[in-house]
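# Structural description and commentary
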Amino acid sequence: MNPPNKQQFFPTPFVLVIGLTIFCFSWVVISDGEPNQTFGEKLFSALDYWQSGFFTLLGFTVQMMMILVFGYALAIVKPVNKVLKTIASIPKNSTQAVFSTGLITMLAGLFNWGFGLIIGALLARYMSLALDEKGLKFNTALLASAGYLGMAVWHGGLSGSAPLKVAEPNHFLVDQIGVIGMDQTVLSIYNIGVTTGLIIVFLGVLLICDHFFTAALRETKTKPMKSIKPGKTYQLGGVLGGGMLLILGVNYFLSANPENSSINLNLVNFFLFGLTLLVYKSFKQFTKAVTSGLKVSADIFIQFPFYAGILGLMTQSGLLVQLSNQIVDYSSSANLPVFTFFSAGLVNALIPSGGGQWAVQGPVLMEAGKALGVSYEKLILAFSYGDQLTNLLQPFWALPLLSITGVRPQDMFKYCFLLCLVGTIYLTVVLYIIH
């Protein structure tokens, strides 16, 4: 009889969201209702709340799937792969390779989290191959960790789900906080400064790790990711993509419709849709790339309705208001951003999706900010920083990278843990001092 595989005891992301649903459902049944209500009546009410909320985030679900699919498609197009291989051939030692992998991955993650995730994985793999061919000493696990850093900065970038969502004219919290433009969150001087500092901190940690941990780990088992060639000539698909980008530019500067003249999830997805069509030139190659990306987005499709069900449980039962009051009781205007940062990081361990997590935590945090007079913009960014940072400890989004690089999660963990720890110290200080 073969010994059991240890990994089979690790809960999958779907098991985690089911567990969170059961926890919240039980909490509502125990806490909700009038004192004279029977258990059966409370149970029926909770079931009604959950089912009523289950499909309330369908639009948001499709938005998040699209942003991953198009980012993925752009990362696997053959010209991008050729550029990555060329970049990988430049470093003359492991220090340069680790530094450039981390920097490029983080910049790509700020553009689009799906794009950054796949770019980082491919770049880490190509760097390892290039260093190995040169006979240089390097650490594959450290390179893979550097290639994962896009997921540790993404929520402060252009595809950040919480900042993009609150920038929409009709987002689900509009009655509570109004519309908050990207210029007040991601594109603000505050966020640019904090995120730049975080990138510098991460690069410093990578250089220190490379100095002290240079043992080569070259035995890898990979599942090669095939690149997809664009069409040979521009066909209708490519022309349509160029037209979409032209329309986007004209509307952004000239349209009176706030949906078309402000940066939000729909605008970002429209841009990525047009850009992907333009890059692949033909509908045939575009469809092939998007189909490949849709497989990666399956978890979002499956899990987001359960996040919406949790939101229905918490909002319709009134527990969100109660929880907000408790947060206010234990917080002040000075420490609420720090509390928001840590709470977002903790919940991210259970909800490995910034979008799904925002749907659950956003209403609570905004209510607390209103009561304590803390700006919504700072709380949204504090939430974003907490959500992104603990991705370093959450294996859900690392699965594509682990497959491409062949690195085991346990080999990456010590480096990711150190990066997360130092990043936490930096952001805690910043959020407490500048609030």
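Since this is a predicted model, take the numbers as computed values, not measurements.

About the cut-offs
Residues numbered from 1 in each chain as written. Predicted model: local features only at pLDDT ≥ 70, side-chain atom pairs only at ≥ 80, totals over all residues. Heavy atoms only, no water. Axes fitted to C-alpha atoms, helices over the stretch in contact; angles between N-to-C directions. Helix = DSSP H or I, 4+ residues; strand = E, 2+ residues; numbered from the N terminus. Parallel < 35°, antiparallel > 145°, perpendicular 65-115°, else oblique. Left-handed = near helix turned anticlockwise from the far one by under 90°. Contact = heavy atoms within 4.5 Å. Expected span 1.5 Å × (residues − 1). Bend = angle between axes of the 7 residues up to and from the residue. Patch = residues over 30% accessible without salt bridge, like charges linked within 9 Å, V, L, I, M, F, W, Y side chains within 5 Å. Areas by Shrake-Rupley, 256 points an atom, 1.4 Å probe, with all protein chains shown as cover. Salt bridge = Lys/Arg side-chain N within 4 Å of Asp/Glu carboxyl O. pLDDT = per-residue confidence, 0-100. Buried < 20%, exposed > 50% of the residue type's maximum accessible area, 1.4 Å probe, protein only. Phe/Tyr/Trp six-rings, centres within 6.5 Å; stacked < 30°, edge-to-face > 60°. Lys NZ or Arg CZ within 6 Å of the ring centre and 35° of its normal.

Across the interface, helix α16 (residues 336–348) lies against helix α20 (residues 409–433) with an axial gap of 8 Å and an inter-helix angle of 150 degrees. It follows from the interaxial angle that α16 and α20 lie roughly antiparallel. By crossing handedness, the relation of α16 to α20 is classed as right-handed. Listed contacts from α20 to Pro337, Val338, Phe341 and Phe342 of α16 are Thr424, Leu427, Thr428, Leu431 and Tyr432.

An α-helix turns once every 3.6 residues. As a result, residues three or four positions apart point the same way. Given a rise of 1.5 Å per residue, 19 residues ought to cover 27 Å, and the 28 Å separating the end C-alpha atoms of helix α14 (residues 298–316) matches this to within 8%. Residue Phe304 marks the point of greatest curvature in α14, where the axis turns by about 30 degrees; the proline Pro305 follows within four residues. Once α14 ends, the next one or two residues include Gly318, with phi positive near 85 degrees.

In this section: a nonpolar patch on the surface. Taken together, Leu393, Phe413, Phe417, Leu418, Leu421, Ile425, Val429, Tyr432, Ile433 and Ile434 make up a surface patch of nonpolar side chains, about 930 Å² in accessible area. Among the structural elements, Leu418 can be located in helix α20.

What follows is about the confidence of the model for the protein chain. Summarising the model, the protein chain shows a mean pLDDT of 84, and 87% of its residues fall at 70 or more. In the model of the protein chain, helix α15 (residues 319–330) stands out as the element of lowest mean pLDDT, 70, in contrast to helix α10 (residues 189–212), which has the highest, 96. Considering only residues more than four positions removed or in separate chains, one finds that residues 1–9, a stretch of pLDDT under 50, has one contact. In the predicted structure, residues 216–220 sits below a pLDDT of 50 and forms 15 contacts with residues beyond four places in sequence or in another chain.

With respect to the helices and strands, the residue Ser159 is situated in the loop between α7 (140–146) and α8 (161–166). Relative accessible area serves as the criterion here: at 0%, Ser159 is assigned to the buried category. If near-sequence neighbours (up to four positions away) are discounted, Ser159 is found in contact with Ile67, Gly109, Leu110, Phe111, Asn112, Trp113, Trp154 and Leu164.

Turning next to the environment of Leu206. Its location among the elements puts Leu206 in helix α10. When residues no more than four places from it in sequence are discounted, the contact partners of Leu206 are Val98, Gly102, Leu142, Ala146, Leu149 and Leu419.

Turning our eyes to something else, we now look at the packing of aromatic side chains. Two numbers describe a pair of aromatic rings. These are the distance of the centres and the angle of the planes. In the structure shown here, the tally under the stated rule is 14 aromatic pairs. Centroid distance Phe54 to Phe306: 5.2 Å. Interplanar angle 80 degrees. Geometry classified as edge-to-face. In this pair, Phe54 is assigned in the loop between α2 (39–53) and α3 (58–76) and Phe306 in helix α14, connecting sequence segments 252 residues apart. For Phe306, a relative accessible area of 15% translates into the label buried. Through a chain of ring-to-ring contacts, three or more aromatic side chains come together here, namely Trp50, Phe54, Phe55 and Phe306. Lying across the ring of Tyr234, Lys281 places its NZ or CZ 5.1 Å from the centre. Lys378 extends its terminal NZ or CZ atom over the ring of Tyr190, reaching a point 4.5 Å from the ring centre.

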